[in-house]
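Listed here are the chains, written in short residue letters.
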Amino acid sequence: MALPADRAVRPALSKLCSQCSSFTARQSRQSAAFLQSAQQRSVSSIRGAQSSSSCSRQAGGITRTVSRPTQTSITSKLPSVVAQSRSKASSSTSFAVNEDVAGSGIPSKPILEQDNLFHSFTNSPIPKIRQRAAFIRQHSSCPHHSHRPGQFSETTHQVDTESGSQPPKHVDFECPDCGIPVYCSEQHWMDDYENHLKICDTLRQINEDDHDLHSGRHFYEFNYAGPQMDDAMVNMTNWDTFMYTRQFEAVNDDRCMRQATRLLTYPLTIGSVLHELSPYDIRNRLTVEGLKSLTALRYTLHPPKSGGNESIKGLRPEAPPVRLFILGARAESSLPRDAWVQLAHLFPLSRFHLIFIGPESMMNRDDEFPLPPRTPENPYGAVVEDRVWPTMKISTIVDYYHTIHKTGYFAPHDPYFDCFVLFHPGLGHPASSHEWEETLPMLLETKAPIIATGYTQADMERDVEWVNKKAKGEFDILMEPGENTFRSLRWDLNDLDPQDISAGNWGVWAFRGKRYEATVKDNVIAV
């Protein structure tokens, strides 16, 4: 591991005069603080994604309760040099910083060592985890059958006579093996131990991963790879082959791998479906209609080299950027931009415009990007981050998509340049399905591919069933539902129900509005 900046320059500082030494040391601490803050953004994004995923599952995938009457556009025009420096800063040396001295940027000893990550949530040395334990105790109910009337017994194949004999109770007893409050008492934990044993190991893994995020260690797994060499092919068979061929720093620890994939699953899920070397083909879940739609997008994303350069004679016409509409955006809209830049590295010859749309797309980001009133020049108050990378631009709109679609703001839609992405939309969940009823017909009307993911297999199948019910005969399946090759390897816990564990983007499928092609036969047009 690289030495912290202060220790690395200390021998050189000793040879300078006292005045220069003070100035250089001050500059060194400022650089350390900047690099440490870049790493903290990655760690904070995982914590935010975890809390967002928990809340979204609690309310069915999309909890659209935040509305802002006034928004405006803020265009942060970053030159390409600045964008590159940000990426380099994130991929350079990071520091293990204690939360108490994080603001000073002074490296300190980690709060928790890697061999001391398991602690009960209630007695955790991390205050935020103790607060989380208190939240679970206040809102989660004991899953014992005595609190659930009319529960069916798998052993007797009859309704359990003891079910519902006691009123519902909140959890209070922490399993000594996983350290998470799971039952109201030790007696109920012992009675139901066989069922708890099915998820106990996973809950313990979640416990240790959460403490690892707050441990203050050196998170080298967030050192992302830079641009891909022209002659180097990317192998997208799985996470290991992808990170190896993309020349990521070797991640040899399972826990570090889980932390890294928690962020990278969002751009890689999109890239794995759209890339010409996708693990999904006609022999693996891709349908004939899917091959047609994705071939159109891949034609744009993988253009032939034109021989152009920066000189006057080297100017060549360029295709417009590919627009990725990420609807119902929550945690994915606040990911570190270096994570989204990985998508640009997969398609170096094309340009991207990522458009995050949803009432929660700017939640908890007011300090970073305040939202002034809307203006005629920017009617939907889009927050524009220009030149995140020379070939990538990101816009965020705090509104519903169907409201924008009715005005034709993004019209016309072109299947060669447009794609919709729904991360954990909760289409079929009773708490959120009504919010998609108006949006779904408009999405099918564009005839553009729609990529959707789910937390679990049941969540994904429920979404597929809802789409089939609401638009039967009006859509084509582009990719059969199934497990996502680039799902998050880290499991997440639902604070309202510790029995409910899931993984980010566990499953993925794709669909599109049905196309009706006209054919001419015997001078009669048949549709």
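Under an unreviewed UniProt entry, the name given to the protein chain is Zinc-finger of mitochondrial splicing suppressor 51-domain-containing protein, and the source organism is Neurospora tetraspora.

Undergrad: Can you lay out a nonpolar patch on the surface for me, pointing to particular residues and giving the numbers?
TA: There is a patch of nonpolar side chains on the surface, built from Ile282, Val288 and Leu291 and spanning about 250 Å² of accessible area. Mapped onto the elements of the fold, Ile282 is located in the loop between helix 8 (254–274) and helix 9 (288–301). The partly exposed category is assigned to Ile282, whose relative accessible area is 44%.

Undergrad: A description of the pattern of salt bridges should follow, citing residues and the corresponding values.
TA: Taken as a whole, this structure holds 28 salt bridges when the rule is applied. Asp209 is the partner of Arg255 in a salt bridge, and the nearest nitrogen-oxygen pair spans 3.2 Å. Remark: Asp209 occurs in helix 6 (residues 193–213) and Arg255 occurs in helix 8; sequence separation between them is 46 residues. Relative accessible area serves as the criterion here: at 0%, Asp209 is assigned to the buried category. Here Lys514 makes a salt bridge to Asp476, at a shortest N to O gap of 2.6 Å. Of this pair, Lys514 sits in the loop between strand 13 (507–513) and strand 14 (519–521) while Asp476 sits in strand 10 (residues 475–483); the two residues are 38 residues apart in sequence, bridging distant segments of the chain. Its relative accessible area of 22% is what places Lys514 among the partly exposed residues.

Undergrad: I'd like to hear about unusual backbone geometry, residue by residue, with values.
TA: Note that the residue after Ala411, namely Pro412, is joined by a cis bond; omega there is -5°. The backbone of Gln247 shows a phi angle near 60°, a positive value even though the residue is not glycine. Mapped onto the secondary structure, Gln247 falls in the loop between helix 7 (239–245) and helix 8. A relative accessible area of 52% means that Gln247 is categorised as exposed. Non-glycine residue Arg285 carries a positive phi angle of around 80°. Mapped onto the elements of the fold, Arg285 is located in the loop between helix 8 and helix 9. Exposure remark for Arg285: the relative accessible area of 19% places this residue in the buried category.

Undergrad: Could you give an account of the nonpolar core, with specific residues and numbers?
TA: Among the nonpolar cores identified, the biggest contains 55 residues, and Leu274, Trp340 and Leu354 are the most heavily contacted of them. Examining the composition of this core, we find that 9 residues originate from one element, helix 8, more than from any other. Every residue in contact with Trp340, bar those within four places of it in the chain, is listed here: Tyr266, Pro267, Ile270, Ile326, Glu332, Leu335, Leu354, Phe356, Met392 and Phe423.

Undergrad: For the packing of helix 8 against helix 10 (residues 337–346), give the residues involved together with the corresponding values.
TA: If you want to describe how two helices pack, look at the angle between their axes and the distance between the axes. Interhelical geometry of helix 8 versus helix 10 gives an angle of 25° and a closest axis separation of 8 Å. Of the possible angle classes, the one that applies to helix 8 and helix 10 is roughly parallel. Read as a crossing pair, helix 8 and helix 10 show a hand that is right-handed. Contacts between helix 8 and helix 10 involve Leu264, Tyr266, Pro267, Leu268, Ile270 and Gly271 from the former and Ala339, Trp340, Gln342, Leu343 and Leu346 from the latter. Of the residues assigned to the contact of helix 8 with helix 10, the class counts are 9 nonpolar, 2 polar and no charged.

Rules and cut-offs
Residues numbered from 1 in each chain as written. Predicted model: local features only at pLDDT ≥ 70, side-chain atom pairs only at ≥ 80, totals over all residues. Heavy atoms only, no water. Patch = residues over 30% accessible without salt bridge, like charges linked within 9 Å, V, L, I, M, F, W, Y side chains within 5 Å. Areas by Shrake-Rupley, 256 points an atom, 1.4 Å probe, with all protein chains shown as cover. Salt bridge = Lys/Arg side-chain N within 4 Å of Asp/Glu carboxyl O. Helix = DSSP H or I, 4+ residues; strand = E, 2+ residues; numbered from the N terminus. Buried < 20%, exposed > 50% of the residue type's maximum accessible area, 1.4 Å probe, protein only. Core = buried A, V, L, I, M, F, W, Y, C linked by side-chain atoms within 4.5 Å. Contact = heavy atoms within 4.5 Å. Axes fitted to C-alpha atoms, helices over the stretch in contact; angles between N-to-C directions. Parallel < 35°, antiparallel > 145°, perpendicular 65-115°, else oblique. Left-handed = near helix turned anticlockwise from the far one by under 90°. Nonpolar A, V, L, I, M, F, W, Y, C, P; charged D, E, K, R; others polar.

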